[in-house]
Number of protein chains: 2
Amino acid sequence: MTEVRKIILEDHEMPTQWYNLAADIDVPPYMSPEGAVPPEAWAPVFPMNLVEQEYSKERWIDIPEGVQELLKLWRPSPLHRAFNLEKALGTPAKIYYKNESVSPAGSHKPNTAVAQAWYNKKFGIKKLTTETGAGQWGSALSFACALVDLECKVFMVRISFDQKPFRKLMMQTWGGRCVASPSQETKAGRAMLEKDPDTPGSLGMAISEAIEAAVTDPTGETRYSLGSVTNFVCLHQTIIGLETKKQLKKAGIKKPDIIIGCAGGGSNFAGLSFPFVYDKIHGADIEIIPVEPYSCPTLTKGPYVYDHGDSAKMVPLVAMFSLGHNFVPPPIHAGGLRYHGMSPLVSKAVIDGLMTPKALHQLECYKAGLLFAKTEGIIPAPETTHAIAEAIIQAKKAKEEGKEKVIVFNFSGHGLMDLAGYDKYLAGQLSDYKLPDETIRENLKEIEDYPKPQY
Amino acid sequence: MTEVRKIILEDHEMPTQWYNLAADIDVPPYMSPEGAVPPEAWAPVFPMNLVEQEYSKERWIDIPEGVQELLKLWRPSPLHRAFNLEKALGTPAKIYYKNESVSPAGSHKPNTAVAQAWYNKKFGIKKLTTETGAGQWGSALSFACALVDLECKVFMVRISFDQKPFRKLMMQTWGGRCVASPSQETKAGRAMLEKDPDTPGSLGMAISEAIEAAVTDPTGETRYSLGSVTNFVCLHQTIIGLETKKQLKKAGIKKPDIIIGCAGGGSNFAGLSFPFVYDKIHGADIEIIPVEPYSCPTLTKGPYVYDHGDSAKMVPLVAMFSLGHNFVPPPIHAGGLRYHGMSPLVSKAVIDGLMTPKALHQLECYKAGLLFAKTEGIIPAPETTHAIAEAIIQAKKAKEEGKEKVIVFNFSGHGLMDLAGYDKYLAGQLSDYKLPDETIRENLKEIEDYPKPQY
């Protein structure tokens, strides 16, 4: 008999509660010039049932049955043992990957998209606006809105909009409307275009437009939806790690040694890691590694500061690692890892010494992605290759040390919509880029006088 | 507790034998001018271990452990209950779909691709050649060859090669080499280009090129690989139906009432249906429906004849339904359903009254595909929409009749690489096309004098 390659869970084994890390670590509050931002202030932006989650200190939050039903369209997702990759590396390490690419949108993003769509629908909302970088999030929200019958409008960073026409088609197929950002449709967008008509756009700019489009809708029936960063997004994603724990137990693994995820805004990483952070807080010896690109090294090079999540400063100040809200990242292919900020929960967990962030170069990541595709079969999203590359580094280290370590990484999405990146890599047209310290210092000047997070 | 939406199988529940329908129905032999083609004649084309399968009358054939290991990278695949679709239709029918889109290549094609790659490798072969229409098969074989370390060369029908550049990138990422067919690389290709330099190509042409490239390799270490039609391909695909049977049993379903699959060369349809054909032969009351497009109505309009599987007549005569080996189908989007012929096993099962073929128009199919995407979430491949459309027709019929029928269809693949078709459909740029009887008669003139299948 062959060894078990996939550990699966039945529908009824899917977790029925999310884990809220905010119950176990202290995060400085959102700030406005008037001081800490109260929940009510978010009312025009998010429905209050989600705002409640954002501020909750409850450790366990029930997943409503309606959300469970939506999640079960593709969840629980499989946990794979990467036997072929292990063999190719000749490592004694056991490598597991949680396969979030099986969702209809091809990534982990639908985990929070269906939850947010469901809560908004329940709150009486008719339409959601959002932004998207590489397009993973915009696709996921369009998918989720189709399921619960909400309108969906997506502001897509212009450079991605132009480079990835199929992402737009994907959103459109599910009924979402996608426009390039900056656009003429918002005040913020028009101002940005006036300043720089040829701007490639940025996630910060697109967020500003999406929020404006939501809060200025005179019907009051539109809200904004965010695919990463906030506490409730991280909360919804914890189903990844909670399933993984059950699956490791089934595989006879008492505890993993290393947990790895790529980190842009932090949501897929948070999803896998937070339930293990809980164990670490309670004494478990686990190395937890968020991986980011050298071209957008938020956690490894940015300071822990108060900064805005968007470039038009419509969002209150967030205590997080940041490269500055006006940072326009270089156009690397891992579009989902180009955000200037980072989830406040992930940021604080790093400050608290619960995680060890790491930056990698894109050529090494593409090389790892190709090795994965040729051994385990799935072509990874460019973002996901960062997690794979680090898993390979750790597996080689385990080989040197002769240790049978258990390495678990999040396979956050497949790369079928991102093949142009592989094409360029194979043609030798990609190069590495390290963001100069000088650029980071320059970007951060604007926020020098902001308050500093107290902890 | 919510109802079970996905019936899954553990790795150890994956079937360990394939079902061979050739044990239960009689198919007329392959013919050459010298009479029935003996197994040895195929030696330059296929490795003998696969030829043996092609001629086997054994009912159950063991799946080698090596093949099982490869299949377990993504199999067993889930069987979903389409609750949301049922609700949208208000039907009392229970609709199930077998989700073959979860494979790394996104379709059912890898089921036979990994088996063929494994058998070729075992036989000492170093390189495989093949053809591909829409690109599903070329991608699947490139994927499989990467896993067992074989070279792979794919002749892709020119019109698809031009329309679907991302398919080429997908093959390339797995290490496959993809060229447009007709090409300058073969005698057959050059002859076709001389005759018509602007030909869009056809699957029949590409098959001729791929076979020539295999049999003329002076090293003798190259063989040809086929993604549909032959008996061994259908055999490898039966894992779909065998898993489905186990899953229906788990769901408490004694027997399905209706089995549906789209049919191009017949492989995904055979895969789901053959294990149920076995039951039907043994008395079970099951309606088994292969669905094809009106623009390429092989089973519904073609005669059951001896014809060549390729346009250059390199392949011996096959007893099958055919529109004529020189048929160049109109460029509909379901590229995988544009083959002039049909699997000899499927063809004979139709002749024997075990199946009821049906043709549908592409607009109805796209409409069904969109409804599926907005209810069940996954965007279907254009080919797959044919199965969905028929499932919807049957579910509506069940509603009219007030019967709680169990309908099972094969979700053969996702449409993430085929979004341009949805774009055109949504923009109102697609129309229906029914192949005129006159064109079919014209195409068939060339084979008038061929021997007729005896049965």
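Nothing here was measured: the structure is a model prediction, and the numbers come from that model.

**Structural notes on the relation of the copies chain A and chain B**
Superposing chain A onto chain B takes a rotation of 180° plus a shift of 0.0 Å along the axis, which leaves an RMSD of 0.0 Å. Such a turn and shift between the copies fits a two-fold axis. For chain A, the smallest separation between a C-alpha atom and the rotation axis is recorded for Val102 of chain A, amounting to 3.1 Å. Interface overlap between copies: 100% of the residues of chain A at the interface are likewise at the interface in chain B, consistent with a symmetric, same-surface contact.

**What to know about the interface of chain A and chain B**
Accessible area lost upon the coming together of the parts serves often as the stated size of an interface. Tallying the contact residues gives 48 residues for chain A and 48 residues for chain B. Summing the contributions of chain A and of chain B, the shared interface buries around 4,400 Å²; its carbon and sulfur component is 61%. Between the two partners, chain A and chain B, sit four salt bridges. Linking Lys6 of chain B and Asp11 of chain A is a salt bridge whose minimum nitrogen-to-oxygen distance equals 3.0 Å. Where chain A packs against chain B, one counts 17 residue pairs in polar contact (both at pLDDT 80 or more).

**Considerations on the pattern of salt bridges**
Once their charged atoms are close, side chains differing in charge can pair, the charge on each being opposite to the other. Residue and element names in this part refer to chain A. Per the stated rule, a full pass over the model turns up 46 salt bridges over all chains. Residue Glu243 pairs with Lys98 through a salt bridge whose shortest N-O separation is 2.7 Å. Residue Glu243 is located in helix 11 (residues 239–250), and its partner Lys98 is located in strand 7 (residues 94–99); the two are separated by 145 residues in the primary sequence. Here the two residues Glu243 and Lys98 agree in accessibility, since each one is buried. Here the salt bridges do not stand alone but share partners, grouping Arg75, Lys98, Glu100 and Glu243 into one network.

**What to know about the packing of aromatic side chains**
Enumeration over the complete set of coordinates arrives at 37 aromatic pairs over all chains. Aromatic side chains Tyr304 of chain A and Tyr455 of chain A sit 5.5 Å apart centroid to centroid with 75° between the ring planes, which places their arrangement in the edge-to-face category. Linking Tyr304 of chain A in strand 14 (residues 304–308) with Tyr455 of chain A in the segment after helix 18 (437–444), this pair joins segments that are 151 residues apart in sequence. In this structure Tyr304 of chain A comes out as buried when scored by relative accessible area, which is 12%. Take Tyr455 of chain A: its relative accessible area is 62%, and that puts it in the exposed class. Ring plane angle 75° and centroid distance 6.2 Å describe the contact between Phe372 of chain B and Phe409 of chain B, whose orientation is recorded as edge-to-face. Here Phe372 of chain B, found in helix 15 (residues 362–375), pairs with Phe409 of chain B, found in strand 17 (residues 406–411); they are 37 residues apart in sequence, far enough to count as distant. Residue classification places Phe372 of chain B among the buried residues on the basis of a relative accessible area of 0%. Phe409 of chain B gets classed as buried once you look at its relative accessible area, which sits at 0%. In this structure an aromatic cluster arises from ring pairing among Tyr30, Trp42, Phe46, Tyr224 and Phe232 of chain A. Sitting over the ring of Phe276 of chain A, Lys245 of chain A keeps its end group 5.8 Å from the ring centre.

**Details of the environment of Glu292 of chain B**
Residues and elements named next belong to chain B. Mapped onto the elements, Glu292 comes out in strand 13 (residues 287–293). We classify Glu292 as buried; its relative accessible area is 1%. It is 22 Å that separates the C-alpha atoms of Glu292 and Lys280, two residues lying 12 residues apart in sequence. If we ignore the near neighbours within four places in the chain, the residues touching Glu292 are Ala263, Pro297, Thr298, Leu299, Thr300, Met342, Lys358, Ala359, Leu360 and His386. Side-chain polar atoms of Glu292 contact the backbone nitrogen of Leu299, separated by 2.8 Å.

**Regarding the domain arrangement of chain A**
Residue and element names in this part refer to chain A. Taken domain by domain, chain A consists of domain 1 (6–13 + 63–106 + 231–447) and domain 2 (108–224). Centre-to-centre separation of domain 1 and domain 2, based on C-alpha positions: 23 Å. With 40 residues of domain 1 in contact, the opposing surface of domain 2 contributes 36 residues. Of the roughly 3,000 Å² buried where domain 1 meets domain 2, counting both sides, 67% is carbon and sulfur surface. The interface formed by domain 1 and domain 2 includes one salt bridge. Between Lys164 and Asp418 there is a salt bridge, and its shortest N-O distance comes to 2.7 Å. Our count for the contact surface shared by domain 1 and domain 2 stands at 12 residue pairs in polar contact (both at pLDDT 80 or more). Elements with a minimum of two residues in the side of domain 1 that touches domain 2: helix 2 (65–71), helix 10 (231–237), helix 11 and helix 12 (267–281). Taken together, the residues of the side of domain 1 that touches domain 2 sort by class into 21 nonpolar, 13 polar and six charged.

**Thoughts on helix 14 (residues 344–351) of chain B**
All names here are of chain B. Of all eight residues in helix 14, seven are buried, a share of seventy percent or more. Next to the buried residues of helix 14 lie helix 10 (231–237), helix 12 (267–281), helix 13 (298–301), strand 14 (304–308) and strand 15 (317–321). Between a side-chain oxygen at the N-terminus of helix 14 and the backbone nitrogen of Leu345 the separation is 3.2 Å; the capping residue is Ser343. Phi turns positive, to about 80°, at Gly353, one or two residues after helix 14.

**With respect to the nonpolar core**
Membership of the largest hydrophobic core comes to 75 residues, with the highest contact counts inside it found for Trp18, Trp42, Leu71, Val114, Trp174 and Tyr224 of chain A together with Ile379 of chain B. Residue contributions to this core peak at nine residues, all from helix 5 (residues 136–148) of chain A. Counting residues in each nonpolar core, the second largest holds 74 residues, with Cys178, Ile207, Tyr224 and Val233 of chain B among its members.

**A closer look at the sheet that holds strand 16 (residues 358–360) of chain B**
Whenever strands of a sheet pair, they do so through backbone hydrogen bonds, lying parallel or antiparallel. Residue and element names in this part refer to chain B. Taken in spatial order, the seven strands line up as 1-6-7-17-12-13-16 in an open sheet, and their pairing is mixed. Since the sheet does not close on itself, it has two edges, and those belong to strand 1 (6–7) and strand 16, each with one partner. For strand 13 and strand 16, the ladder comprises three bridges, and the chain directions are parallel. For Val291, the partnering residue across the bridge sits in strand 16 and is Lys358. Against the sheet, helix 11 (residues 239–250) makes contact with strand 1, strand 6 (79–81), strand 7 (94–99) and strand 17, and its axis sits at roughly 140° relative to strand 7, the strand it touches most.

**Quick notes on the side chain of Glu13 of chain A**
Along the chain, Glu13 of chain A falls in the loop between strand 1 (6–7) and strand 2 (17–19). Leaving out residues up to four positions away in the same chain, Glu13 of chain A has contacts with Ile8, Lys246 and Lys250 of chain A.

**A word on the packing of helix 15 (residues 362–375) of chain A against helix 17 (residues 419–426) of chain A**
All names here are of chain A. Interhelical geometry of helix 15 versus helix 17 gives an angle of 105° and a closest axis separation of 11 Å. Between helix 15 and helix 17, the crossing angle belongs to the class labelled roughly perpendicular. Listed contacts from helix 17 to Leu363, Tyr366, Lys367, Gly369 and Leu370 of helix 15 are Gly421, Tyr422, Tyr425 and Leu426. Of the residues in the contact of helix 15 with helix 17, the class split is six nonpolar, two polar and one charged.

**What about the environment of Ala398 of chain B?**
Residues and elements named next belong to chain B. Looking at the secondary structure, you find Ala398 in helix 16 (residues 382–401). Between the C-alpha atoms of Ala398 and Tyr294, which are 104 residues apart in sequence, the distance is 24 Å. If we ignore the near neighbours within four places in the chain, the residues touching Ala398 are Thr91, Pro92, Ala93, Lys403 and Lys405.

**Description of the sheet that holds strand 12 (residues 258–262) of chain A**
Residue and element names in this part refer to chain A. The strand order across the open sheet built from seven strands is 1-6-7-17-12-13-16, with neighbouring strands paired in mixed fashion. Single-partner strands in this sheet number two, and they are strand 1 and strand 16 (358–360). Of the pairings in the sheet, the one linking strand 12 to strand 17 (residues 406–411) comprises three bridges and is parallel in character. Each residue of the ladder has a partner; that of Ile259, found in strand 17, is Val408.

**Overview of the side chain of Glu383 of chain A**
Residues and elements named next belong to chain A. Inspection of the secondary structure assignment puts Glu383 in helix 16 (residues 382–401). One buried charged side chain, Glu383, makes no salt bridge at all; its nearest oppositely charged neighbour is Lys164, positioned 5.6 Å away. Residues within four places of Glu383 in sequence aside, it is in contact with Ala134, Gln136, Cys262, His333, Ala334, Gly335, Gly336 and Leu337.

**Re the packing of helix 11 of chain A against helix 12 of chain A**
Residues and elements named next belong to chain A. In contact at an axis separation of 7 Å, helix 11 and helix 12 are set at 55° when each is read in the N-to-C sense. In terms of their interaxial angle, helix 11 and helix 12 are classed as oblique. Packed against helix 11, whose contacting residues are Ile240, Gly241, Leu242, Thr244, Lys245 and Leu248, the element helix 12 presents Asn268, Gly271, Leu272, Pro275, Phe276 and Asp279 at the interface. Of the residues contributing to the contact of helix 11 with helix 12, the split by class is six nonpolar, four polar and two charged.

Scoring rules and cut-offs
Residues numbered from 1 in each chain as written. Chains lettered and ligands numbered in written order. Predicted model: local features only at pLDDT ≥ 70, side-chain atom pairs only at ≥ 80, totals over all residues. Heavy atoms only, no water. Least-squares fit on C-alpha atoms with pLDDT ≥ 70 in both. Contact = heavy atoms within 4.5 Å. Buried area = accessible area lost by both parts, 1.4 Å probe. Salt bridge = Lys/Arg side-chain N within 4 Å of Asp/Glu carboxyl O. Polar contact = N/O pair within 3.5 Å; in protein donor to acceptor, adjacent residues only side chain to side chain. Helix = DSSP H or I, 4+ residues; strand = E, 2+ residues; numbered from the N terminus. Buried < 20%, exposed > 50% of the residue type's maximum accessible area, 1.4 Å probe, protein only. Phe/Tyr/Trp six-rings, centres within 6.5 Å; stacked < 30°, edge-to-face > 60°. Lys NZ or Arg CZ within 6 Å of the ring centre and 35° of its normal. Domains from an automatic or database assignment. Nonpolar A, V, L, I, M, F, W, Y, C, P; charged D, E, K, R; others polar. Core = buried A, V, L, I, M, F, W, Y, C linked by side-chain atoms within 4.5 Å. Pairing = 2+ DSSP bridges. Axes fitted to C-alpha atoms, helices over the stretch in contact; angles between N-to-C directions. Parallel < 35°, antiparallel > 145°, perpendicular 65-115°, else oblique. Lys, Arg positive; Asp, Glu negative; His and termini not counted.

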